[in-house]
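Summary of structural features
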Amino acid sequence: MLHLTPDIQEKLKTVLTAFDGDIEAVRQALEALSRERDQNQPVASSDAPVIVELQDVSRQYRLGRERVGAVVEVALKIRQGEIVAITGPSGSGKSTLLNLMGALDKPDSGHIAIGGQDVAGLSDRQLSKLRNQTIGFVFQFFYLQPFLDIRTNLAVPGMFAGLSQAERGRRIPELAAAVGLSDRLDHLPKELSGGQMQRAAIARALLNRPKLILADEPTGNIDRANARTIIELFKSIRERYGTTIVLVTHDMEVAHQADRIIKLRDGRILA
Amino acid sequence: MIGLRDCLTLALTKLRTRRIRLGITLVVSGVLFAALVAASLVIRGSLTSIDNFGNDGLVKRFFVQIMLPYHVEYYDDTDYIGRALEIARERNKQQDAAAKRLGVAFDLKTAPQPTMQISDGGKERQQLSILDPAAQQALLELAPRQAAYKDVAKLIHGQGLREVHTSQFVSQNLLESGAIELTPVVNGAEVKPSDNPFSPTDKDGSLSTFGMTLQAYDEQMLQPFTLPGESLTSASGDPIPVIVPIDAAERLLTLKPLPDTASASQQRARLQEVRTGIRDRLMTVCYRNQAELDRRALARQYQQDLVTHKSDKTWVPPELIYAESRQSCQPVGVQSDKRNAESKKAAVAEEQFMREFSPKAAPLVSTISFRVVGVAPKASMTAEQPSTLGGLASSFLTSSLGPGWFVPTPSVNSQPLLRQATFSPLGAIMEGSMVYAEFPDRASQRAFIDAHNCTDLSSPNAQSTCAKKHRYVMHQYGNPLATLYDAAPVVTKWFQVLVLVVAALSAVVMMGTIGKIIADGRKETSVFRALGASRLDITAVYVFYTLILASLAFVFAVVLGATLAAYMETRYSGVLSIQAVMAFNSSDLNKSFHLVGVNIGDMLLIYLFVLVAGLLAAAAPLLLNIRRNPIKDMREE
């Protein structure tokens, strides 16, 4: 469901009632409204600390003999507690941008700071620790371990963090309750629905209490009803843990649930 | 860094993928290593079993068998040849005088000569004719008596030596002093002798081996092979103690030989029966010298001629006809003598002439008695070809004495007939004899061989040349497994090479599976990397997986190898036990020879190599995997 301010709603009504068959005029009016809406989206707090900062970040990929700019001179800041949606057509660089934010990929130029720490020059071990402690990843295809029950799946990031068994024993039931899977902890992933699997993946991402969740098409592989649930879950997580959430999505309905939408085209952020 | 428990949790999940490929890998690798496990179990078991036989036979005694060289250069020595010719001239002079005195025809030109012409690379030269009495006398006069023996004794007495023993083939000396025959007499009938002990002419080959394989040893060498309480000493005139092959003992006891398929318990019962029944059994052997054999040949020839000329009325029988006695071991008698007085007189003169110059020319037939004091393995080897695994395994469980009949040397010397018959000039100067030096331990035995073995036998007269440098042809002797022990370093080396080859093969086999598992796990690796796993964490998980896989292969190998070894134990232990009891003359018939023995060191070594094979198999795919860009793998997904 769209959440528009009364002012925007009024302007939209004016545009729609004034429609005289000129489609291009309506499209431009709607885009202007959209930009106005995005700029007016409520952010967590303008003085909240910046959790992710990209400065003129570019990343190219080799496609045959040519080098293609997946991300071109992107600069952005994401503050703590924000829910930010990255949208754009296929090949616009959404996932690449997400991976750069997640320190899974390194830029060809520019600087990336996560949690105030410049990721350039970090060793594999330091990067792994950063991903493990500061970032939680959620994937379109969930990527749960098929032969481990949900309880053990949720524990995986804790394994790499050296989280004690006792601490895992405390956190996992709490997270399972938060995502509504308390009764599914001893089940295998194949015994869960798509929505449940994605909720399990979100709980897994939260185990090490990261400041930032990066979700790549988190609703791309589930039905609309479950998609709404996932978005609501992200919101409640933000409220509960103060977690910053960046999600990549094609789904504008999902994107509009975010505090802010960043649109990409050809690797660039649209103004 | 990921903990061990978590590592195990994640590694175990990988065992649940690609199960068919995993199963094939485990079976193939397991089978390869199972062969090593089985080999280790059987080798260790056999060595332990040999130890269990302790002081039976010569199992724990350390002998060096030294061959005293034939000094063939004596035969070419001009001094020896000169002396032999001198003796021959003197002999011929006496023979010529005696011939004239007795009226016997004697031609100096056709008289036996002490030398013969031999061709050496187209060059003619003279050499002593060793069978000629003049040549033999020259040797006895001039050749150093027991020179090599004394040298060897001197060498070994300074080296912690315990005993020196000698052995000789009685038959060898008998042949040197002229053909004779030794024929066992059983139930009043002589057993036809054999020319070849390995291809006997009598029905079962058990007794005909006597004449050709009779060997004389010092008492100390034979004592371990006697029955409990038996003595090898005998007074002059008493029966000679003898150790008989078991098949001959069965024949003497008129027992039907056991079939080849006889079980171990049947063989054990038979050995018990033989040992009990054969003790102190007397055996008669008929001795005939060459002159007696010549007369017997004439008697047999006459019988043959009778048949051949049955309808030939022109055939004229000889004037003097010999006939074999119907009784065993009796001299050939005269059946008819139609010679005239002059012929008889000439024959008497001829006989007197021969007796003067050749004392052994008189026909002699006599019985010699033997008393059985021990049982040895079969003398005939024709039925013991190691065509089966059991036969092969048992081939090293042979008596140190080897196949044959054995008598103590003092008893041979105390029996006038044998002593006279077995005297030989070569024996007197100890050429070609065997000497046994006993050492207190294996190290001193080995050291002596290393110091004094004659190794370069390629040149002519090599043994004589070696002897001048106090070196002789020698071998370890006694412990039947000494060769195996000596081969141990080589066996160990080849075993290690085999382990390496098996490990390499196994690594290749495992690489297929592990490589596939790791390749399949690229997506998972990307996810783990996104969830915070370092490259080290990923490596740890796969190393753990590899170790589990290798451990499962090892467990499979141990189970399979142990099963194989247990099968061999069940199949062959009983037969080997009885063969070992017989070969080593164990008094305890129930002593067992087991084929399974566990050596923890071997098992750990094999396990180590299984692990190394697994890690080698995992190394390349794992290195490739952790170096990959996780983003790329996720994008491909």
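Residues numbered from 1 in each chain as written. Chains lettered and ligands numbered in written order. Predicted model: local features only at pLDDT ≥ 70, side-chain atom pairs only at ≥ 80, totals over all residues. Heavy atoms only, no water.

**So, the sheet that holds strand β7 (residues 212-216) of chain A**
All names here are of chain A. Reading across from one edge, β6-β7-β8-β3-β9-β10 is the order of the 6 strands in this open sheet, with mixed pairing throughout. Each edge of the open sheet carries a strand with a single partner, namely β6 (135-138) and β10 (268-269). Note: strand β3 (residues 83-87) against strand β9 (residues 260-265), 4 bridges, orientation parallel. Paired with Ala85 across the strands is Ile261, a residue of β9. Set on the sheet, helix α3 (residues 94-101) makes contact with β3, β6, β7, β8 (244-248) and β9; between it and β7 the angle comes to about 155°. (Pairing = 2+ DSSP bridges. Helix = DSSP H or I, 4+ residues; strand = E, 2+ residues; numbered from the N terminus. Contact = heavy atoms within 4.5 Å. Axes fitted to C-alpha atoms, helices over the stretch in contact; angles between N-to-C directions.)

**Section: the state of the cysteines**
Residue and element names in this part refer to chain B. Per the stated rule, a full pass over the model turns up 2 disulfides over all chains. What pairs with Cys286 in a disulfide is Cys329, and their sulfur atoms sit 2.2 Å apart. Negative torsions about the S-S bond denote left-handed disulfides, and the value of about 90° found for Cys286 with Cys329 makes this one right-handed. Taken together, the residues Cys286 in strand β9 (residues 282-288) and Cys329 in the loop between β10 (320-323) and β11 (333-337) connect sequence positions 43 residues apart. Between the sulfur of Cys454 and that of Cys466 lies a disulfide, 2.0 Å long from S to S. Where Cys454 bonds to Cys466 through sulfur, the torsion about that S-S bond is close to 70°, and the disulfide is right-handed. Of this pair, Cys454 sits in the loop between α18 (442-452) and α19 (462-468) while Cys466 sits in helix α19, and the two are 12 residues apart along the sequence. (Disulfide = S-S within 2.5 Å.)

**Notes on a nonpolar patch on the surface**
Together, Val490, Trp494, Val497, Val501 and Leu505 of chain B make up an exposed nonpolar region whose accessible area comes to about 470 Å². With respect to the secondary-structure elements, Leu505 of chain B resides in helix α21 (residues 488-520). (Patch = residues over 30% accessible without salt bridge, like charges linked within 9 Å, V, L, I, M, F, W, Y side chains within 5 Å. Areas by Shrake-Rupley, 256 points an atom, 1.4 Å probe, with all protein chains shown as cover. Salt bridge = Lys/Arg side-chain N within 4 Å of Asp/Glu carboxyl O.)

**Section: the nonpolar core**
Ranked by internal contacts, the top residues of the largest apolar core, which has 131 residues, are Met101 of chain A together with Phe33, Ile278 and Phe370 of chain B. For this core, the element with the most residues is helix α23 (residues 535-583) of chain B, which contributes 20 residues. Excluding its chain neighbours within four sequence positions, the residues that come into contact with Phe370 of chain B are Phe210, Pro239, Ile240, Val242, Arg281, Leu282, Met283, Val285, Val407 and Leu418 of chain B. By size, the runner-up hydrophobic cluster in this structure holds 38 residues, among which are Leu163, Leu192, Ala200 and Ala258 of chain A. (Core = buried A, V, L, I, M, F, W, Y, C linked by side-chain atoms within 4.5 Å. Buried < 20%, exposed > 50% of the residue type's maximum accessible area, 1.4 Å probe, protein only.)

**Remarks on the interface of chain A and chain B**
Chain A puts 22 residues into the contact, and the matching count from chain B is 27 residues. Sorting the residues of chain A by area buried against chain B places Tyr143, Phe147 and Phe160 of chain A first, and these three jointly supply 31% of that buried surface. Where chain A meets chain B, there are 3 salt bridges. When the shortest N-O distance is used, the salt bridge between Asp124 of chain A and Arg535 of chain B registers 3.6 Å. (Buried area = accessible area lost by both parts, 1.4 Å probe.)

**Let's talk about the packing of helix α2 (residues 19-52) of chain B against α23 of chain B**
All names here are of chain B. Interhelical geometry of α2 versus α23 gives an angle of 50° and a closest axis separation of 6 Å. With respect to α23, the axis of α2 lies oblique. The handedness of the crossing between α2 and α23 comes out as right-handed. The residue makeup of the contact of α2 with α23, split by class, is 22 nonpolar, 3 polar and no charged. (Parallel < 35°, antiparallel > 145°, perpendicular 65-115°, else oblique. Left-handed = near helix turned anticlockwise from the far one by under 90°. Nonpolar A, V, L, I, M, F, W, Y, C, P; charged D, E, K, R; others polar.)

**Some remarks on the sheet that holds strand β2 (residues 66-79) of chain A**
Residue and element names in this part refer to chain A. Taken together, 4 strands build an open sheet; the order of strands is β2-β1-β4-β5 and the sheet is antiparallel. Strand pairing shows two members of the sheet lacking a second neighbour, β2 and β5 (117-118), which therefore form its edges. Bridge count between strand β4 (residues 109-114) and β5: 2 bridges; the pairing is antiparallel. When the sheet's bridge partners are listed, Ala113 is paired in β5 with Asp118. Set on the sheet, α3 makes contact with β1 (50-63), β2 and β4; between it and β2 the angle comes to about 55°.

**What to know about the pairing of β2 of chain A**
Both faces of the sheet carry side chains from a regular strand, because those side chains alternate between them. Residue and element names in this part refer to chain A. Sheet analysis places β1 next to β2, joined by 10 bridges and oriented antiparallel. When the bridges of β2 are listed, Arg59 appears paired with Val71. Linkage of β1 to β2, two consecutive antiparallel strands, is achieved through a turn of 2 residues, within which Gly64 is found at a positive phi near 65°.

**Some details on helix α1 (residues 4-14) of chain B**
What sets the pattern is the α-helix's 3.6 residues per turn: residues three or four places apart point alike. Residue and element names in this part refer to chain B. Of the positions making up α1, those classed as buried are Asp6, Cys7, Leu10, Ala11, Thr13 and Lys14. Looking straight down α1, one finds that the buried residues subtend no more than 150° of arc, so they occupy a single side. Facing away from the buried side of α1, by more than 90 degrees, are the exposed residues Leu4 and Arg5. (Arc of directions from axis to C-beta.)

**Concerning the confidence of the model for chain B**
Residue and element names in this part refer to chain B. Per-residue confidence for chain B gives a mean pLDDT of 82; residues scoring 70 or more make up 86%. Mean pLDDT across the elements of chain B bottoms out in helix α14 (residues 389-394) (52) and peaks in β10 (94). Scored below 50 in pLDDT, residues 197-202 makes 23 contacts in the model with residues more than four places away or belonging to other chains. In the predicted structure, residues 380-387 sits below a pLDDT of 50 and forms 13 contacts with residues beyond four places in sequence or in another chain. Note on the complex model: pTM 0.64, ipTM 0.80. (pLDDT = per-residue confidence, 0-100.)

**Section: the pairing of strand β1 (residues 62-67) of chain B**
Residues and elements named next belong to chain B. Within β1, 5 of the 6 residues are buried, which leaves the element mostly enclosed by the surrounding structure. Taken together, the 6 bridges between β1 and strand β15 (residues 473-478) define a ladder with antiparallel strand orientation. Looking across to β15, one finds that Val64 is bridged to Gln476. As paired elements, β1 and strand β14 (residues 434-439) share 6 bridges and run antiparallel to each other. Bridge pairing in β14 places Met67 opposite Met434.

**Some words on unusual backbone geometry**
Phi angles above zero are rare outside glycine, and Asp266 of chain A is one such case at about 55°. Relative to the helices and strands, Asp266 of chain A is located in the loop between β9 and β10. With phi around 55°, Cys329 of chain B is a residue other than glycine that occupies positive phi space.

**Some remarks on the packing of aromatic side chains**
All names here are of chain A. Inspection of the entire model under this criterion finds 11 aromatic pairs over all chains. On the basis of an interplanar angle of 55° and a centroid distance of 5.1 Å, the ring pair of Phe139 and Tyr143 is categorised as tilted. Of the two residues, Phe139 and Tyr143, both sit in the buried class. Three or more aromatic residues joined by ring pairs make a cluster, and in this case those are Phe137, Phe139 and Tyr143. (Phe/Tyr/Trp six-rings, centres within 6.5 Å; stacked < 30°, edge-to-face > 60°.)

**Topic: the side chain of Asn92 of chain B**
All names here are of chain B. Among the structural elements, Asn92 can be located in helix α4 (residues 78-102). Overall, Asn92 belongs to the buried group, its relative accessible area being 9%. With residues near it in sequence (within four places) discarded, Asn92 still touches Phe106, Leu108, Ala111 and Gln113.

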